[in-house]
Amino acid sequence: MAHTTLGPEAAALESADLPAGPRPRGRRRFFGRQVGPFDAFAVLVVGAMALLIAYPLTRAVIRVMWVDGSFNTEAFVRVFTSELFWNAAWSTARILIVAVPIAIGVSALFAWLNVRTNARMGFVSTILPVIPLLIPGLAVSIGWKFLADERAGFLNVLVLRPLLGFFGYDSETGPLNINSWPGVIFIYTVELIPFAYLMISVALRDIDSSYEEASRISGASAGRTLWKVSLPLIKPALMGATLLCFMIGAAIYSIPVILGTPAGISTLSVYIINSTRSIYPPRLDVTVVGALFLVLFVGTLWYFDRRIARKARFARIGGKSSTRTVVDLGPWRRPAQAFMITFAAVASVLPLIGLLYVALQPYWRPAFSLNLTMDQFTSVFNEDRLPLALRTSLSLAILGATIGVVIAAVASAFMDRHRRFAPIVDGILKSPGPITHVAIGVGFIIGLGAAPISLAGTWTILFLAYLVLYSPQAIIAVGAAYGRVSGELSEASAVSGASPSRTFLRVSLPLMVPGLTAAWVLLFAHMLVEATASSLLSSPNHPVAGFIMIDIFESGFYGQLAAFAVLVTLLNVVIAGTILVVGQSRGATGRLNRRKGWFRTAFGRGSAIADVPQTGMAPTPSEPRSS
Amino acid sequence: MSRAMSLKRRGPATTEPVQSTSVVEVHDLFKTFRREGGEVVPAVDGVDLTVGRGEMVVLLGPSGCGKTTLLRSLVGLETPESGTISANGRPVYSSDDRIDIPPERRGISMMFQHYALWPHMTVGGNIEYPLVNRKVSKSQRREAVRRALASVGLEELHNQYPGQLSGGQQQRVALARSMVTDPQAVVFDEPLSNVDAQVRQELRIEILAAQQRVGFAGIYVTHDQNEAMQMATRLAVMRRGKIVQIDTPIEVYNRPVNRFVATFVGTSNILEVQGVAAEGAGGVRVSTDVGDLVLESAPKDVLGGEYKYIAARPETLSLARPGEPGIATVTVETVMFSGSTVEFTVLLQNGRRMSGLATPATAWMRPGDEAALVVSTPSLTLLRD
């Protein structure tokens, strides 16, 4: 065997090619690679985020617990002996115990229908997961208020009462009443289904259909196969989706504040926020203790979710996408499709029609009239604070999404360079998920709002809070974009003689563009309508769209509210859609998808946004990164 | 490493490269991995390797034996912990001299397992990319891309995107891309494991044809032993980070150095040696767990008791009618006719199974028949471990 002998000249010649720094033999370097200015910057950024997450909450807790230098239990006693608190907790539980199982059942059915049967409808699987992105939950709640109000709801007045009149129904109220237990539970269910559907359908898609074929060959019917084979195989996803729905549901604020309050239904989230917002003097200590209770609840579920997900990873079924069996539903096909269309209408189209109709009327009246007017839209712009809220939310969403994506990109690159620190960075940036919007809002108003930092009522406190709130979504979406640039593609560039910077510019970046724009849109769309933390953090000088909607609702200017909600939704769809279409078609693989049309290019399966969960509490989609 | 002694008399075994001009030289290379539990596992454990111009060295071994890590260390995608690597006569890695040239400056080309074609560039753009990086002029690039595409018969796909191509076409484009710079050395990381059998055979021929044309030094990783034997000028069998044996495919097949190589490359029946005694002039009688074998010529140290096993390839076994001379009486278990040959398995009286390969002339046997097992002694290999 030939020995390689290296002259000193050769060493001197080649060492110029090396990244700086000695590489001692036989000793492990602290970092996998040399520490450069980028790493320092990344550590600084992630450290700042960690501080922004931990400091406000810690301060808020200390402020409540330490009064005059001693441990104070008064707030705890006050909360845990309060009938209001237990009522709110009980209401939350009652809503979720009914809404979550229904949401999971409907989602599993939809997923099966769309992935495995001939009732599959492309647009349902496209639109369902992105409904929360396109139509704010607040707009859906308000829209349904117009549709199913006990006295003046359009469905009651224009459809159901005339119809039921034939059967002797004669009443000035009902039959539907959205401000009721069934009504609130119904909207919770509608709100939760997209999240559950995404998780379950992805899991079902990953399962090799030969398992089901084998069951059919063994003599089982389609229904029995679904029950005995398909569902047990996706059990981890079903359990994960159930936990996720409980976590999201426990923290929802906009639905109960709009639909529950008139019916005397107060959830935990409403109790926590109203203790500061609607009581004078504000009971900050009650808010903090309530928020702690909520975090404890959601955090426990989140912990179990992670444990299940970790186990499920080993049980994951190989990603071979063979041709899928299509179960022929026979006579059930049309009814199944009708059911899905009805749901899509219930979740998106109907409430939007309700909003638009009220927005174009002089006032909300329970009658059908084509005498349309733009007065409500004019009134929105005649008032100072509504355009101001739109501008504030727009600036927050645009800047917040941009900075949020940059932070996540920096963190992802850092995690890619230093795999050993990846779990820590990942953990920090995803921790706001289980902390919930309510608790982060509470932490910020007390920890950063009050002296010595005194940011209360500023644009900055909203901006910082939004960065923290949506940091889990940012890191999940940007991480997915990183994962799409498989190791081999950049390695192939390096062995083709390209420098690292050229590899980044010519290969990695173009491949990441769709994913990065998807991440931006995800953050933008959610920041534009954030209402929960904003209820605590926005101020007359810096009102934001989400909070303003609740405010107008409580004042009872329904026409104006409808017009405002229509404007916000329109703004969201136009900006998010445009950016996604541009990002997808400019990006690497989008070029081939011109046939698909803009909506499916932007939101459809295979687009970068389709498989990214809309909530920060969701588990990361399977790490596609090859090692 | 113990050397095997063969009973066959052929030309002297050689482990030296056939060619004198070496393009890639690896010396004493080490690389360890840390498992999740903290355990340190050697992935490449003191490997020496020289690959000459026009040579194709195939690294063959079970998964996890370190062949891919060795390959990636050569091109610079992994950093070893110690040792030296040189390519085209200049050092590209040396732990002592702290040299670690990044992959883009090593001048070694690579063909990847999953094609690794950039989905946002056309076929032409993919192939042109290495030339752009080497600052080749535009007119020369156009000509080189045209030639590279013609060499794999895909001229008409110049403006297509990889997503529009079949798997076999994509792998051809990847081949053209790795050849477009007329590289001195090319490494192949299981490049054919994702294409179907027919395309695989075509691509093997195309890779070897490209090597004839360009004359590069090739290093080829695979876990398919047929492919390994077909492609190799020299075959390196790896296990646990070490090269166990490196030689021409014929030598590796006929003279495996140990039990592992004998069973991993091709099929071998392993007989356990139970005793050795001198027999006649220069011959020995070896008693095994199957029966006694008389070897007419044997290594001198055979009586020392160091040889524990005998490897018998299936083609050394044949069957005779019961009562005829043989080392044992067996029951025929299966008979598989495949044209020019017949594969069979037999069961010994102690329940042991052996497999053999015979000509159709002996196709009289049926499952369940009794037969006498005949072993052709000149082609057996004595193994120490």
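Along each chain, residue indices are assigned from 1 in the same order as the chain's sequence is written. Numbering of ligands from 1 and lettering of chains from A proceed in the order in which they are written. Local features are withheld for residues below a pLDDT of 70 in this predicted model, meaning they are given only at 70 or higher, and side-chain atom pairs are given and counted only at 80 or more; totals for whole chains, interfaces and linings count all residues. No hydrogens and no water enter the side-chain calculation; it runs on all heavy atoms of the structure.

Caption draft 1: Representation of the overall build of chain A within the structure. What chain A contains, in helices and strands, is 28 helices and two strands. Contacts: residue pairs with any heavy atoms within 4.5 Å of one another. Long-range contacts, defined here as pairs at least 24 residues apart, represent 77% of the contacts in chain A between residues at least 6 apart. Numbering of helices and strands runs from the N terminus, with a helix taken as a DSSP run of H or I at least four residues long and a strand as a DSSP run of E at least two residues long.

Caption draft 2: Main features of the overall build of chain B. The helix and strand inventory of chain B stands at eight helices and 22 strands. Across its three principal axes, chain B shows a C-alpha extent of roughly 80 × 50 × 45 Å. For chain B, with 385 residues in total, the buried portion stands at 53%. Intrachain contacts of chain B at a sequence separation of at least 6 include 66% that bridge at least 24 residues. The Shrake-Rupley method, run with a 1.4 Å probe, gives the accessible areas here. Residue values count only the displayed protein chains as cover. About 16600 Å² of surface is accessible on chain B, with carbon and sulfur atoms providing 49% of the total. We treat Lys and Arg as the positive residues and Asp and Glu as the negative residues; His and chain ends play no part in the count. Positions of charges follow a simple convention, taking NZ of Lys, CZ of Arg, CG of Asp or CD of Glu. Once the 41 positive and 42 negative side-chain charges of chain B are each reduced to a mean point, those two points are 4 Å apart. We call a residue buried when its accessible area falls under 20% of the maximum for its residue type, exposed when it is over 50%, and partly exposed in between, using a 1.4 Å probe and counting protein chains only.

Caption draft 3: Quick look at the environment of Leu390(A). Residues and elements named next belong to chain A. Relative to the helices and strands, Leu390 resides in helix α18 (residues 385-417). Overall, Leu390 belongs to the buried group, its relative accessible area being 12%. Taking C-alpha positions, Leu390 is 51 Å from Ala222, a pair spaced 168 residues apart along the chain. Look past the residues within four positions of Leu390 in its chain and what remains in contact with it is Phe564, Val568 and Leu571.

Caption draft 4: Representation of the sheet that holds strand β17 (residues 317-320) of chain B in the model. Residues and elements named next belong to chain B. By this definition, two strands are paired if DSSP reports at least two bridges between them. Read from one edge of the open sheet, five strands run β17-β21-β18-β19-β20, paired in antiparallel fashion. At either end of the open sheet lies a strand with only one pairing partner, and these are β17 and β20 (353-358). The average undirected angle you get between the axes of adjacent strands in this sheet is 45 degrees. Pairing between strand β18 (residues 328-338) and strand β21 (residues 370-375): four bridges, direction antiparallel. Residue Ala328 lies in a different strand from β21, and its bridge partner there is Leu373. The axes used here are C-alpha line fits, helices contributing only the stretch in contact, and every angle between their N-to-C directions lies in the interval 0 to 180 degrees.

Caption draft 5: Representation of the pattern of salt bridges within the structure. One side-chain nitrogen of Lys or Arg within 4 Å of one carboxyl oxygen of Asp or Glu is enough to make a salt bridge. The tally for this structure, following the rule as stated, stands at 24 salt bridges over all chains. Its salt-bridge partner being Arg385(A), residue Glu383(A) comes within 3.2 Å of it at the nearest N-O pair. According to the relative accessible area criterion, Glu383(A) is partly exposed, its value standing at 29%. With its nearest N and O atoms 3.0 Å apart, the salt bridge here joins Glu143(B) to Arg146(B). Of this pair, Glu143(B) and Arg146(B) both sit in helix α3 (residues 138-151), three residues apart, which is roughly one turn of that helix. When its relative accessible area of 34% is taken as the criterion, Glu143(B) is described as partly exposed. Given a relative accessible area of 47%, Arg146(B) falls into the partly exposed group. What you see here is one network of salt bridges that share partners, running through Glu491(A), Lys31(B), Arg72(B) and Glu78(B).

Caption draft 6: Highlighting the environment of Leu347(B). Residues and elements named next belong to chain B. Take Leu347: it is sitting in strand β19 (residues 341-347). Sequence separation of Leu347 and Gly89 is 258 residues, and the distance between their C-alpha atoms is 56 Å. Residues contacting Leu347, with those up to four places away along its chain left out, are Val330, Thr331, Glu333, Arg352 and Arg353.

Caption draft 7: A look at the nonpolar core. Counting 233 residues, the largest nonpolar core has Trp144(A), Ile234(A), Phe444(A), Phe564(A), Leu49(B) and Leu59(B) as the members making the most contacts within it. Of the residues forming this core, the biggest block, 16 residues, is contributed by helix α4 (residues 83-116) of chain A. Other than its neighbours up to four places away in sequence, Leu59(B) contacts Leu49(B), Lys67(B), Leu70(B), Ile219(B), Tyr220(B), Val221(B), Thr222(B), Ala236(B) and Met238(B). To form a nonpolar core, buried Ala, Val, Leu, Ile, Met, Phe, Trp, Tyr and Cys residues must be joined to one another through side-chain atoms within 4.5 Å. If you look at the next biggest cluster of nonpolar residues, it comprises 45 residues, including Ile127(B), Val180(B), Met231(B) and Ala232(B).

Caption draft 8: Seen up close, the side chain of Glu227(B). Within the fold, Glu227(B) resides in helix α6 (residues 225-231). Polar contact criterion, stated in full: a pair of N or O atoms within 3.5 Å, where within protein one must be able to donate a hydrogen and the other to accept it, and residues adjacent in sequence count only if both atoms are side-chain atoms. Within the structure, Glu227(B) has its side chain in polar contact with the side chain of Arg204(B) (distance 3.1 Å).

Caption draft 9: Representation of the packing of aromatic side chains within the structure. Residue and element names in this part refer to chain A. Each Phe, Tyr or Trp ring (for Trp, its six-membered ring) is paired with any other whose centre lies within 6.5 Å, and the angle between the two planes then decides the class: stacked below 30 degrees, edge-to-face above 60, tilted in between. Summed over the entire model, instances satisfying the criterion amount to 21 aromatic pairs over all chains. Arranged with centres 5.4 Å apart and planes meeting at 85 degrees, the rings of Phe80 and Phe85 form a pair that is edge-to-face. Since its relative accessible area comes to 31%, Phe80 is described here as partly exposed. Ring geometry for Phe146 versus Tyr558: centroids 6.2 Å apart, planes at 90 degrees, classification edge-to-face. In this pair, Phe146 is assigned in helix α7 (residues 137-148) and Tyr558 in helix α27 (residues 558-586), connecting sequence segments 412 residues apart. Residue class for Phe146 comes out buried when judged on its relative accessible area of 0%. Judged by relative accessible area, Tyr558 falls into the partly exposed class, the value being 23%. Of the aromatic side chains, those joined through ring pairs into one cluster are Phe76, Phe80, Phe85, Trp86, Tyr271 and Phe293.

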